[in-house]
Amino acid sequence: MIYLDNSATTKPKKEILETFVKANEQFYANPASLHQMGNAAEDLLEKARAQIAGLLHMKHVAFTSGGTESNNLAIFGTAFAYKSRGKHIITAATEHPSVLNSLGALEEQGFEITRLPVDHFGRISLDELKNTLRSDTILVSLMHVNNELGTVHPIADIARLLKNTRTFFHVDGVQSIGKLAFDQTAMPDLLTMSAHKIHGLKASGVLAFNDVEFKAVQVGGGQEAGLRSGTVSVPHAAALAKALRLAEPHRGHQKWNHDLRDFFMNYPNVKVLSPAEGAPHILSIAAKGIKGEILVSGLQKEGIIVSTSSACSSKSRETSHVIEAIRVPRDYRDGVIRISFGAFTTQQDIRHFKKAFERVNRLIKGV
Amino acid sequence: MKTNQILVRYGELSTKGKNRNSFIGRLRDNVRQTFADLGGIRIKAERDRMFIASDNEAEIEQAIRRLPKVFGIQSFSPVTEAELDMDAMKQTAFRVVEKLDRTGKTFKVSVKRPNKAFPLEKLEIMHEIGSHVLRSFPELSVQMQHPDIELKVEIREEAAYMMAEVIQGAGGLPVGAGGKGLLMLSGGIDSPVAGYHMLKRGVRLELIHFFSPPFTNDRAKEKVFDLAEKLSQFGSSVNLHIIPFTKLQQEVHKQVPDNITMTSTRRMMMRVADKVLEETNCKAIITGESLGQVASQTLESLSAINAVTRTPVLRPLIAADKLDIIETAQKIGTYDISIRPYEDCCTIFTPANPKTKPKLDKVEYYENFVSFDEFIQEAVDQREIVKFPQVKKNGAVYEDLL
């Protein structure tokens, strides 16, 4: 099988699994325990934390169960800590459900949420963001790279814009960390990352942060400086640190992205939805008059794994909110598939994909 | 064009008459030790200045990063080499000045020309280079007396040498020039800072720590190890003596009333320290005591503690404010270690109401019933000695995993 659904999740790298197994064998003690074994686990945990903070160019790191929890923690945590300062939060219409639904819950509690609209490529307008900012805006929460389109929000510009204001900036970096370079001089206040999108393990993520005090969402024994209770999984932390160290922007992705864009030009019934200047590892297309799931299963028969838009929304029958937000023409709307590359993707995979797509397209048109 | 030398200006030692040679020798040894892992480094110590050279520019960069920590150095300057050719020299001058902060600064070029075969005269060289730099950086203005930036050019047989940047050194005296002292290292904020001040005055350190298992745990010991590691980063290695103190401490509690145990415990520490001092050839005991901080640090208390020894007890922080001490601790990187919340042997046996003005005769009276000599000798004999800088055992395991 040729796996081109790396934005849903990635295959763990062998060396990361090795770290996980070894850390489980040698450092299984609770890092909060006072004894020698607990101390050793704590040392490893703190080394992992320091390595992650260094690689992300952020001051602090709290370990979580993944991207969704980190986004929840960033949003609820900041909202509850700073609600006396204001109750206005800005986001975009195309954010991940873990952000949009958190904000929806806050809305029910009296917070006011502005959801910035996007253009046909999923881009927000910086001017519009500026105009929406108010003195009681406590948080702007945006993703760096959109998971369905690959659209890149200008987070460094926004970080600079918000730098000397009282508005905090949260970035969901799940689809960008380890894949895109960050501007180290303009980092956000809060940054979400997930290990399994960079060939690490599932159920493992971090919320990295600078000078912001947020309230805990999950409470209990006060681990992670009280910000996230629950026994910390040292093996997950070590594996995440390693995954992050091994992750690097892939040279092939940009080339293959261009290559496939050129390829789809030959198909008048196919529209490329991803912006040309988007993240190189994600390419979304829409085929006219067919359902995405038919394309997915047709390609699967040819040994190629892709998905319809995001994995989160692909099982429900409804059109994804992102596809709706960028106003894809009605006859293309159901035919969206997302091709996403990972560290293991090869030139040959792309060649196979093209041949397979050609055959599937012919087959479908023949019907 | 290559930056392959560093010129080092000595600190106070330039003024130290007779001892000068031993100071310079000491500084050279400390510098050598600091760069022990850099194979290509050559050191030439002259009477007024020292040259550090290497053909490997990466080594010079490392050296520039480490030198600000070495005591006995007033300042130093990277030296850049240029070919004996006017164009090459102009280009080098540009690069050297380019690296500096130039806004609103005054500037001059000074030239030495020991190589008399060089075709241009001194004034011509000055003019050529000066006008090239000034044209390139219009923000500079010329000032011949005390300019902010002085570009020094020396034309020698083999090449031209240039320098302009002056980097501040740590000052003080080379560690070891002032003999050796025994620092009582508790794990708190003050004692490492006291040690730092003595290092700066050229005193080598032995460290002594009182460890009371099971009342104090391995984390507390590790904290002291980390502090010792920091104190070993100033150009001279240190030994840490860990004294098993539980028995002695319990004995004191049996013998003396609660409100003077603190004074008595400290007197025992002094007696243990005296023994270690003899064995290690130290000449003074150093503590982080600062007047009035806690009950044991009143003048009455200090004199009752001090009465137990004839060794000079140096207290470099005696008149320092806590905030200043904290600032220094942060600067030398010990603060974050010191504030880790593990108990040391002083905090666990602290009585509820220690006497702030203990009477020496009372203290001596209560101690009089038992001879502590045996316990003291036992503690000294059973001490663990660890040398720093230390290679951590687990470090490699962690690095493999991460």
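What you are looking at is a predicted structure, and each value in this text was computed from that prediction instead of being measured. (Residues numbered from 1 in each chain as written. Chains lettered and ligands numbered in written order. Predicted model: local features only at pLDDT ≥ 70, side-chain atom pairs only at ≥ 80, totals over all residues.)

Caption draft 1: Representation of the overall build of chain B within the structure. Assigned secondary structure in chain B consists of 15 helices and 15 strands. For chain B, buried positions account for 41% of its 402 residues. In chain B, 82% of the contacts between residues at least 6 apart in sequence involve partners at least 24 apart. (Helix = DSSP H or I, 4+ residues; strand = E, 2+ residues; numbered from the N terminus. Buried ≥ 20, exposed ≤ 12 C-beta atoms within 10 Å, placed from the backbone. Contact = placed C-beta atoms within 7 Å.)

Caption draft 2: Expanded view of the overall build of chain A. Along the backbone of chain A there are 13 helices and 12 strands. The 367 residues of chain A split such that 49% are buried. Taking all contacts inside chain A whose residues are at least 6 apart in sequence as the whole, residues at least 24 apart take part in 73%.

Caption draft 3: Focus on the pairing of strand 2 (residues 42–45) of chain B. Relative to strand 3 (residues 49–53) of chain B, strand 2 of chain B is paired through four bridges, and the arrangement is antiparallel. Considered in strand 3 of chain B, the bridge of Ile43 of chain B is made with Ile52 of chain B. (Pairing = 2+ DSSP bridges.)

Caption draft 4: Summary view of the interface of chain A and chain B. Contact with chain A, which involves 16 residues of that partner, is made by seven residues of chain B. Elements with a minimum of two residues in the side of chain A that touches chain B: helix 1 (14–26), helix 2 (36–56) and helix 7 (234–246) of chain A. Tallying contributions element by element places helix 2 of chain A first for the side of chain A that touches chain B, with eight residues. Its residues assigned to classes, the side of chain A that touches chain B shows seven nonpolar, four polar and five charged. (Nonpolar A, V, L, I, M, F, W, Y, C, P; charged D, E, K, R; others polar.)

Caption draft 5: Spatial organisation of the nonpolar core. Formed by 103 residues in total, the largest nonpolar core has its most connected members in Leu44, Val206, Ala208, Val234, Ala237, Ala238 and Leu240 of chain A. Take this core: its biggest share by element is eight residues, from helix 7 of chain A. Shared between two domains, this core takes at least three residues from each, and those domains are domain 1 (2–9 + 249–366) and domain 2 (14–246) of chain A. In terms of nonpolar packing, the next biggest core, distinct from the first, is built from 95 residues, Ala82, Leu140, Leu182 and Phe211 of chain B among them. (Core = buried A, V, L, I, M, F, W, Y, C linked by C-beta atoms within 7 Å. Domains from an automatic or database assignment.)

Caption draft 6: Local environment of the sheet that holds strand 4 (residues 112–116) of chain A. All names here are of chain A. Sheet architecture is open: seven strands sit in the order 2-8-7-6-5-3-4, paired in mixed fashion. The open sheet has two free edges, formed respectively by strand 2 (60–64) and strand 4, since each of these has just one partner strand. Taken over all neighbouring pairs, the strand axes of this sheet differ in orientation by 20° on average, direction set aside. Two strands pair when backbone bridges link them, and strand 5 (residues 137–143) and strand 6 (residues 168–172) are joined in this way by five bridges, in the parallel orientation. Paired with Leu139 across the two strands is Phe168, which belongs to strand 6. (Axes fitted to C-alpha atoms, helices over the stretch in contact; angles between N-to-C directions.)

Caption draft 7: Fine view of the confidence of the model for chain B. For chain B, mean pLDDT is 89; residues scoring 70 or higher make up 95% of the total. Among the scores for the predicted complex, ipTM is 0.72 and pTM is 0.69. (pLDDT = per-residue confidence, 0-100.)

Caption draft 8: Representation of helix 3 (residues 67–82) of chain A within the structure. Helix length check: helix 3 of chain A, at 16 residues, gives a terminal C-alpha distance of 22 Å against a target of 22 Å (1.5 Å per residue), a fit within 8%. Burial within helix 3 of chain A is extensive, with 13 of its 16 residues counted as buried. (Expected span 1.5 Å × (residues − 1).)

Caption draft 9: Layout of the packing of helix 7 (residues 246–255) of chain B against helix 8 (residues 258–280) of chain B. Residue and element names in this part refer to chain B. Close contact between helix 7 and helix 8 brings their axes to 10 Å; oriented N to C, the two are set at 140°. The orientation of helix 7 with respect to helix 8, classified from their angle, is oblique. Classified by chirality, the crossing of helix 8 by helix 7 is right-handed. Where helix 7 abuts helix 8, its residues Leu248, Gln249, Val252 and His253 lie against Thr261, Ser264, Thr265 and Met268. Of the residues in the contact of helix 7 with helix 8, the class split is three nonpolar, five polar and no charged. (Parallel < 35°, antiparallel > 145°, perpendicular 65-115°, else oblique. Left-handed = near helix turned anticlockwise from the far one by under 90°.)

Caption draft 10: Layout of helix 6 (residues 218–231) of chain B. Taking 1.5 Å of rise per residue, 14 residues should cover 20 Å, and helix 6 of chain B covers 20 Å from first to last C-alpha, within 8% of that figure. As for helix 6 of chain B, its buried residues are in contact with helix 5 (190–200), strand 11 (204–211), strand 12 (238–244), helix 10 (322–332), helix 11 (335–338) and strand 15 (384–388) of chain B.

Caption draft 11: Focus on the pairing of strand 5 (residues 106–112) of chain B. All names here are of chain B. With burial as the criterion, only one face of strand 5 is covered, namely that bearing Phe107, Val109 and Val111; the residues Thr106, Lys108, Ser110 and Lys112 on the opposite face remain uncovered. As paired elements, strand 5 and strand 6 (residues 141–142) share two bridges and run parallel to each other. When the sheet's bridge partners are listed, Thr106 is paired in strand 6 with Ser141. Note: strand 5 against strand 7 (residues 149–155), six bridges, orientation parallel. The residue of strand 7 that forms the bridge with Lys112 is Glu154.

Caption draft 12: Up close: the sheet that holds strand 12 (residues 336–340) of chain A. Residues and elements named next belong to chain A. In spatial order, the strands read 9-10-12; together these three strands make up an open sheet with antiparallel pairing. Of all the strands in the sheet, just strand 9 (270–272) and strand 12 have a single pairing partner and so form its edges. Ignoring which end each strand starts from, the neighbouring axes of this sheet average 25° apart. Relative to strand 10 (residues 282–287), strand 9 is paired through three bridges, and the arrangement is antiparallel. Bridge pairing in strand 10 links Lys271 to Ala286.

Caption draft 13: How the structure looks around the environment of Val193 of chain B. Residue and element names in this part refer to chain B. Structurally, Val193 is set in helix 5. Note: C-alpha distance between Val193 and Thr287 (94 residues apart in sequence) is 9.6 Å. In this structure Val193 touches Gly288, Leu317, Ile325, Thr328 and Ala329, once residues within four positions along its chain are discounted.

Caption draft 14: Molecular detail of unusual backbone geometry. A cis amide bond links Pro213 of chain B to the next residue, Pro214 of chain B, at an omega of 0°. Along the chain, the position of Pro214 of chain B falls in the loop between strand 11 and helix 6. Omega for the peptide link from Phe388 of chain B to Pro389 of chain B comes to 0°, which places this bond in the cis form. Topologically, Pro389 of chain B is positioned in the loop between strand 15 and helix 15 (395–401). Positive phi, close to 65°, is recorded for His199 of chain A, a residue that is not glycine.

Caption draft 15: Local environment of the packing of helix 3 of chain A against helix 4 (residues 97–108) of chain A. All names here are of chain A. Put simply, helix 3 and helix 4 touch, their axes get as near as 9 Å, and they point 30° apart. When the axis of helix 3 is compared with that of helix 4, the two are roughly parallel. Between helix 3 and helix 4 lies a crossing whose hand is right-handed. Contact residues: helix 3 offers Gly67, Thr68, Asn71, Asn72, Ile75, Phe76 and Ala79, while helix 4 offers Ser98, Val99, Ser102, Leu103 and Leu106. Here the contact of helix 3 with helix 4 is built from residues that sort into six nonpolar, six polar and no charged.

Caption draft 16: Main features of the environment of Lys255 of chain A. All names here are of chain A. As for its position among the elements, Lys255 is in helix 8 (residues 251–265). Residue Lys255 is classed as partly exposed on the basis of its 13 C-beta neighbours within 10 Å. Residues Lys255 and Pro280, spaced 25 residues apart in sequence, show a C-alpha to C-alpha distance of 8.2 Å.

Caption draft 17: Spotlight on the environment of Thr64 of chain A. All names here are of chain A. Within the fold, Thr64 resides in strand 2. By the C-beta count within 10 Å, which is 29 here, Thr64 ends up buried. When the C-alpha atoms of Thr64 and Ala237 are compared, they prove to be 9.2 Å apart, with 173 residues separating the residues in sequence. In contact with Thr64, other than residues within four places in its own chain, are Glu69, Ser70, Leu73, Gly205, Val206, Leu207 and Arg228.

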